[in-house]
Amino acid sequence: MSQGYIIWFTGLSGAGKSTIAAALAEVLREREQRVEVLDGDVVRTHLSKGLGFSKEDRDTNVRRIGWVCDLVARHGGVAIAAAISPYRQTREEIRSSTARFVEVYIDCPLEVCIDRDVKGLYAKALAGEIPHFTGVSDPYEPPTNPEVVIPSHAEALDASVARIINKLEELGYLPTVAAVEEVA
């Protein structure tokens, strides 16, 4: 069984985490990788139902996602987490609990995220209707040393996915296409 790994997407709401994670998962599946995507919104509906948005609840949510990701990775799968995960210390805690971890920072300006917001959450947060909204009334702590930085406001989706694939190959987590062809 091959070794699994975790790809952890972090960034503001609307930065593009879920979109890029889904596109990456598709490419990895085409390359015969066993992939599970844990999207922050979906996890909150099922695994973390009932949690609020206090720092403690957010940390609990991130730890739960990390625990599931670790299970997937320990069993040879690729776990992709796409969650805001606003606090650096909690992300570092997840990183330290697994041997093969790739942090992908989706770096997108707040103004662009606000423009992309189809749910109107930023407008409500800016109006004071949503307390503890990351990037508005609650902090977001960017990673200090992510393996990959994606400027989603300035880069095409395919280019972002290719950047992540290249890093996975460079780290030896994903065989290069040439290596796969040689085996076949």
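Predicted model only: the values in this text are computed from it and were never measured.

Chemist: Quick rundown of the packing of helix α1 (residues 17-30) against helix α7 (residues 157-171)? Include the residues and the values.
Modeler: Two elements in contact, α1 and α7, have axes whose closest approach is 10 Å; the angle formed by their N-to-C orientations is 60°. Taken as axis vectors, α1 and α7 run oblique relative to one another. Taken as a pair, α1 and α7 cross one another with a handedness that is right-handed. Of α7, the residues touching α1 (which contributes T19, I20, A23, L24, V27 and L28) are L157, S160, V161, I164, I165 and L168. Across the contact of α1 with α7, the residue classes break down as ten nonpolar, two polar and no charged.

Chemist: Talk me through the side chain of D59; I want residue IDs and the actual numbers.
Modeler: Along the chain, the position of D59 falls in helix α3 (residues 55-74). Relative accessible area serves as the criterion here: at 8%, D59 is assigned to the buried category. A polar contact of 2.6 Å, which involves the side chain of D59, links it to the side chain of T90. If we ignore the near neighbours within four places in the chain, the residues touching D59 are Y87 and T90.

Chemist: Explain the side chain of R95 residue by residue, including any values.
Modeler: Secondary-structure assignment places R95 in helix α4 (residues 88-96). On the accessibility criterion, R95 (18% relative accessible area) is buried. Among the polar contacts listed, one links the side chain of R95 to the side chain of E103, at a separation of 3.2 Å. In this structure, R95 is in contact with F101, E103, N145 and E147, ignoring residues within four places of it in sequence.

Chemist: Pulling in residues and values, what's your account of the pattern of salt bridges?
Modeler: Applying the stated criterion to the full structure yields eleven salt bridges. The shortest N-O distance in the salt bridge between R31 and E169 comes to 2.8 Å. Of this pair, R31 sits in the loop between α1 and β2 (35-39) while E169 sits in helix α7, and the two are 138 residues apart along the sequence. Two residues, D70 and R74, come together in a salt bridge whose shortest N-O distance is 3.2 Å. One end of the pair, D70, and the other, R74, are both in helix α3, four residues apart, so they sit about a helical turn from each other. With a relative accessible area of 17%, D70 lands in the buried category. Each of R91, E92, R95, E103 and E147 takes part in a single network of salt bridges with overlapping partners.

Cut-offs applied
- Residues numbered from 1 in each chain as written.
- Predicted model: local features only at pLDDT ≥ 70, side-chain atom pairs only at ≥ 80, totals over all residues.
- Heavy atoms only, no water.
- Axes fitted to C-alpha atoms, helices over the stretch in contact; angles between N-to-C directions.
- Helix = DSSP H or I, 4+ residues; strand = E, 2+ residues; numbered from the N terminus.
- Parallel < 35°, antiparallel > 145°, perpendicular 65-115°, else oblique.
- Left-handed = near helix turned anticlockwise from the far one by under 90°.
- Contact = heavy atoms within 4.5 Å.
- Nonpolar A, V, L, I, M, F, W, Y, C, P; charged D, E, K, R; others polar.
- Buried < 20%, exposed > 50% of the residue type's maximum accessible area, 1.4 Å probe, protein only.
- Polar contact = N/O pair within 3.5 Å; in protein donor to acceptor, adjacent residues only side chain to side chain.
- Salt bridge = Lys/Arg side-chain N within 4 Å of Asp/Glu carboxyl O.

That's the geometry; what it means functionally is another story.
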